[in-house]
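Residues per chain are reported as follows:
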Amino acid sequence: MENIQKDIGSLIEQPACCSGGKKESKGKPRSTSTQIILGLLGIGVWYTVYYQLEPLSRYLTYDLIGLGKDSHLGASIQFFLYDTPKVMMLLTLVVYGVGIIRSFFTPERTRKFLAGKRESTGNVMAALLGIVTPFCSCSAVPLFLGFVTAGVPLGVTFSFLISAPMVNEIALVLLYGLLGWKVAALYLVTGLLVAIVAGWVIGRLGMERHMEDWVQELRANADVMPDENLTWSDRLKHGLDAVKDIVGKVWIYVVAGIAVGAGIHGFVPENFMASIMGKGAWWSVPAAVVVGIPMYSNAAGIVPVIHALLEKGAALGTVLAFMMSVIALSLPEMVILRKVLKPRLIGTFIGVVGCGILLVGYLFNIII
Amino acid sequence: MNIKVMGPGCPKCAEAEKIVKTVIAETGIDAVVEKVSDFQEIAKHGVFSTPAVVIDGKIKCVGKVPSKKEVEGWLK
């Protein structure tokens, strides 16, 4: 997932680093209480608007445009008019909240924190921290090196690398908005489990010598960055920056994805996918994983499509496996990782994570 | 002054390089800008989240695109 690098962080408050850094001096200074009142007011407005979206989309489609309630086009357009603003509003709110939370978790701090952890506990902590630590796939390799040289065990590092792109707020918001909280919760829990177990297994296999030789010789140049002290208004600003950065980048995927989803919703017959991606087709889970590897998309683009597949009879397990494979196992990331890992370790990584995803797929097809 | 902009070549790294170059052009400071995209080289500097800016061997910022104001501050 093209996440999020908006790192937070600002050095902005470091006196040595930035002459223009005193934010309070420019713009109007707002007291904390004013900010809290503004925030509550904003949430109130958000809430009110959010619950008007459904009736509004119906009014627009069926009364104002005058499409028939049973028409394919009507169904598609109402779907689009409802889902697009709904998902965008959810996304904005959650990205803002997570942006603020992220200002507490820089990669530097995560690394320092994980360096002292033993395997099993470390795997769990790494997967959890993967959710909230800012991560951008082009930062994967430097981050990997930083973790390993700081003494974070290899398996724990992998837990982080698997969880960070796969389990993130954008995926969860979209799943919640389009498929409900149960699917979002399932994805969260199983995504974390895959990251924890796969990382743990890789750690057990003792593959440290399958990192490139120069990596093994690297020694940490620890603590190069001093911790910054952020005030609350800095953190609120980070939330805003995150919204600008992330929502500004992913909205086009969301709209395109929902448009495709809306088309499928209105025009593709029910149960169309049942024979290909339904529960009956046992081979569809491994096929979904394999097809997902060369595909590369972020959560924003993939969830609306998945929504449409599910609606037309695809099985939940198959669809979740597909989504995890697309996001967690991407070819471009493998190519980058090849610079620090020998082929055997990359193969193991793909194999272990792939098996984990496969299990998730079968598990859900069986129990749901 | 030697300025290194580090990053494997993602859009953010290119943006960081552009901002640094713009500031240098605007202020007329005598500095050499170097783009470092080799992971080994980046790791040797202890940088592990990109883009990063290193001036005369000192890390100024990691993991984000600096603002023009910040860069101006570092160059003084």
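Undergrad: Run through the environment of A:Ala198, naming residues and quoting values.
TA: Residues and elements named next belong to chain A. Looking at where Ala198 falls in the secondary structure, it is placed in helix H9 (residues 181–204). Residue Ala198 is classed as buried on the basis of its C-beta count, with 28 C-beta atoms lying within 10 Å. A sequence separation of 36 residues divides Ala198 from Ile162, and the C-alpha atoms of the two residues are 8.5 Å apart. Contacts of Ala198, omitting those with residues within four sequence positions, involve Phe158, Ile162, Val352, Val353 and Gly356.

Undergrad: Mind laying out the sheet that holds strand S3 (residues 52–55) of chain B, listing which residues take part and the relevant values?
TA: All names here are of chain B. With mixed pairing, four strands are arranged side by side in an open sheet as S2-S1-S3-S4. A strand with exactly one partner marks an edge of an open sheet, and here the two such strands are strand S2 (32–36) and strand S4 (58–62). In this sheet, neighbouring strand axes are inclined to one another by 20° on average, regardless of whether the strands run parallel or antiparallel. Alignment of strand S1 (residues 2–6) against S2, held across five bridges, turns out to be parallel. Looking across to S2, one finds that Met6 is bridged to Val36.

Undergrad: Go over the confidence of the model for chain B, please, and point to the residues and values.
TA: Residues and elements named next belong to chain B. With 100% of its residues at a pLDDT of 70 or more, chain B shows a mean pLDDT of 84. Element-level pLDDT for chain B is lowest in helix H2 (residues 39–44), with a mean of 80, against a maximum mean of 89 in S1. Prediction confidence for the complex, expressed as pTM and ipTM, is 0.78 and 0.74 respectively.

Undergrad: Account for the pairing of S3(B), with residues named and values stated.
TA: In summary, the side chains of a regular strand alternate between the two faces of the sheet. Residues and elements named next belong to chain B. Of the strand pairs in this sheet, S1 and S3 are connected by four bridges, and their pairing is antiparallel. Bridge pairing in S3 links Val5 to Val53. Sheet topology note: the S3/S4 ladder contains four bridges and is antiparallel. For Val54, the partnering residue across the bridge sits in S4 and is Ile59. The antiparallel hairpin formed by S3 and S4 contains two residues in its connecting segment, where Asp56 sits at a positive phi of about 45°.

Undergrad: Residue-level account of unusual backbone geometry, with values.
TA: Residues and elements named next belong to chain B. A positive phi angle, near 45°, is found at Asp56, a position not held by glycine. Positionally, Asp56 belongs in the loop between S3 and S4. Asp56 gets classed as exposed once you count the C-beta atoms within 10 Å, which come to 11.

Undergrad: Can you lay out the environment of B:Val53 for me, pointing to particular residues and giving the numbers?
TA: All names here are of chain B. For Val53, the position within the fold is in strand S3. Of the residues examined, Val53 has 28 C-beta atoms within 10 Å and is grouped as buried. Spatially, the C-alpha atoms of Val53 and Glu26 are 18 Å apart, while their sequence positions differ by 27 residues. Setting aside chain neighbours within four positions, we find Val53 in contact with Ile3, Val5, Ala16, Val20, Lys60, Cys61 and Pro66.

Undergrad: Could you give an account of the nonpolar core, with specific residues and numbers?
TA: General note: in soluble globular proteins, nonpolar side chains tend to be found buried as a group. Grouped together as the largest cluster of nonpolar side chains are 116 residues, with contacts concentrated most on A:Leu174, A:Ala321 and A:Met324. Contacts of A:Ala321, omitting those with residues within four sequence positions, involve A:Val285, A:Ala288, A:Val289, A:Ile357, A:Leu358, A:Val360 and A:Gly361.

Thresholds, definitions, all that
Residues numbered from 1 in each chain as written. Chains lettered and ligands numbered in written order. Predicted model: local features only at pLDDT ≥ 70, side-chain atom pairs only at ≥ 80, totals over all residues. Helix = DSSP H or I, 4+ residues; strand = E, 2+ residues; numbered from the N terminus. Buried ≥ 20, exposed ≤ 12 C-beta atoms within 10 Å, placed from the backbone. Contact = placed C-beta atoms within 7 Å. Pairing = 2+ DSSP bridges. Axes fitted to C-alpha atoms, helices over the stretch in contact; angles between N-to-C directions. pLDDT = per-residue confidence, 0-100. Core = buried A, V, L, I, M, F, W, Y, C linked by C-beta atoms within 7 Å.

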